[in-house]
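Fold and contact review
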Amino acid sequence: MTTRSDRGAGRPDPDLSAIVGERRRLINLAYRMLGSLAEAEDVVQETYARWYAMSERRQAEIESPGAWLTKVAGRICLDLLGSARVRRENYVGEWIPEPLPDHAEWGGTPSGIDPADRVTLDESVSMAFLVVLEAMTPAERVAFVLHDVFRYPFAEVAEIVGRTPAACRKLASSARQRIRASHPAPAPTARQAAIVRDFRRAWEAKDIGALVGLLDPAATGVADGGGLVDAAFRPVEGADRIAHTLVDIAGRVPGMTILERTVNGRPGLVARQDGAIVVVMAFEVPADRITRIWAVRNPEKLRRWTPD
């Protein structure tokens, strides 16, 4: 790529390297704001398009290109969150955030992975966390993600959200309360993995009693087919109903293989049929039983998942 500083000198442009180096942070930020990696990538592409649409003189006048990129990406996300509410109200069935595989499986073959496109898998991208974020207003979500997750000061958050720093502080505080009320602390990862493994074995054995024993009596199962594949339109409530539903699915889908995989940084399961991943399941395990299951079947959200 030819840059403005190397056209005559034959040297790379350090400013361009710094700009490109912001990509991964922007992807991480936009995914947490939107719950969709596809939309996050679109946001980052649009952000860079706006940067390169400016004249070199205007670019040179910007004291902190990274801050400028963050501000633009944040505002695009804020606008998208407003329109996303309308789209998701018209979505066929339940909408679940796009699940992410472990880094070792990111984007298919490891040789094709662009590190700049990876999302850091920490607690702020667990499916349980993202689902709570979905219940927030767009302004709450943006203020919370920018301040509490990415540690931006409220003065900078205010420029993005279009409110005063004091108002943004209140937004983040309200969001924080939602998180505390709706997002119980997870069990240790090893314990989660053991419970998910027992769940897989019980499902493979079509053992309703064992499944019920692993589920909280008030557990909830949510499926997302997006109208493209069969999936329950409404949440399935209660351990017994969930167990019977899973056993019924296992009986109706011959040749389905269930695999243990990392889903958004936590132990999860995927189901493979005819060489393709057909469902990705995330779990909330706050203690010794599963309280929530999110099953993503929408093939448009499974493009980054590989069978093996």
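Residues numbered from 1 in each chain as written. Predicted model: local features only at pLDDT ≥ 70, side-chain atom pairs only at ≥ 80, totals over all residues. Heavy atoms only, no water.

This paragraph deals with the confidence of the model for the protein. Across the protein, the average pLDDT comes to 89, with 90% of residues at or above 70. In the predicted structure, residues 1-12 sits below a pLDDT of 50 and forms 16 contacts with residues beyond four places in sequence or in another chain. Here residues 107-113 is a poorly scored stretch, pLDDT under 50, and it has seven contacts once near neighbours within four places are set aside; other chains count. (pLDDT = per-residue confidence, 0-100. Contact = heavy atoms within 4.5 Å.)

When a strand is regular, its side chains alternate between the sheet's two faces. For strand β4 (residues 266-273), the buried fraction is high: six of the eight residues fall into the buried class. Bridging between strand β3 (residues 257-263) and β4 involves seven bridges; their strand directions are antiparallel. Looking at β4, one finds that Arg 261 is bridged to Gly 268. In sequence, β3 turns back onto β4 through a hairpin of two residues, with Asn 264 there showing a positive phi of about 50°. With five bridges joining them, β4 and strand β5 (residues 276-284) adopt antiparallel strand pairing. Residue Val 270 lies in a different strand from β5, and its bridge partner there is Val 280. Connecting the antiparallel pair β4 and β5 is a turn made up of two residues, with Asp 274 showing a positive phi of about 55°. (Buried < 20%, exposed > 50% of the residue type's maximum accessible area, 1.4 Å probe, protein only. Helix = DSSP H or I, 4+ residues; strand = E, 2+ residues; numbered from the N terminus. Pairing = 2+ DSSP bridges.)

Moving on, we come to the pattern of salt bridges. Under the counting rule described, the total for this entry stands at 22 salt bridges. The salt bridge involving Glu 41 is made with Arg 304; its shortest N-O contact spans 2.8 Å. With Glu 41 in helix α4 (residues 37-53) and Arg 304 in the segment after β6 (290-296), the pair connects residues that are 263 residues apart, well separated along the chain. One salt bridge in this structure joins Arg 197 and Glu 260, with 3.2 Å as the shortest N-O distance. Within this pair, whereas Arg 197 is found in helix α11 (residues 189-204), its partner Glu 260 is found in strand β3, the two being separated by 63 residues in sequence. (Salt bridge = Lys/Arg side-chain N within 4 Å of Asp/Glu carboxyl O.)

Turning our attention to the packing of aromatic side chains. Inspection of the entire model under this criterion finds five aromatic pairs. With a centroid separation of 5.3 Å and 70° between ring planes, the pair formed by Phe 199 and Phe 283 is classed as edge-to-face. In this pair, Phe 199 sits in helix α11 while Phe 283 sits in strand β5, placing the two residues 84 residues apart along the sequence. Accessibility assignment for this pair places Phe 199 and Phe 283 in one class, buried. Site record: aromatic cluster; members linked through ring pairs are Phe 199, Trp 203 and Phe 283. (Phe/Tyr/Trp six-rings, centres within 6.5 Å; stacked < 30°, edge-to-face > 60°.)

Attention now moves to helix α3 (residues 23-34). The end-to-end C-alpha distance of α3 is 16 Å, a good match for the 16 Å that twelve residues give at a rise of 1.5 Å each. A large share of α3 lies buried, amounting to nine of its twelve residues. Within α3, burial applies to Leu 26, Ile 27, Asn 28, Leu 29, Ala 30, Tyr 31, Arg 32, Met 33 and Leu 34. Among the structural elements, α4, α6 (65-89), α7 (127-134) and α8 (138-149) are those in contact with the buried residues of α3. One or two positions beyond α3, positive phi appears at Gly 35, with a value near 70°. (Expected span 1.5 Å × (residues − 1).)

The next thing to look at is the sheet that holds β6. Taken together, six strands build an open sheet; the order of strands is β2-β1-β6-β5-β4-β3 and the sheet is mixed. Looking along the sheet, the strands with just one partner apiece sit at the ends: β2 (236-237) and β3. Relative to β2, strand β1 (residues 215-224) runs antiparallel, the two being bridged by two bridges. Bridge pairing in β2 links Gly 221 to Val 236. Packed onto the sheet, α11 meets β1, β3, β4, β5 and β6 and runs at close to 25° relative to β4. (Axes fitted to C-alpha atoms, helices over the stretch in contact; angles between N-to-C directions.)

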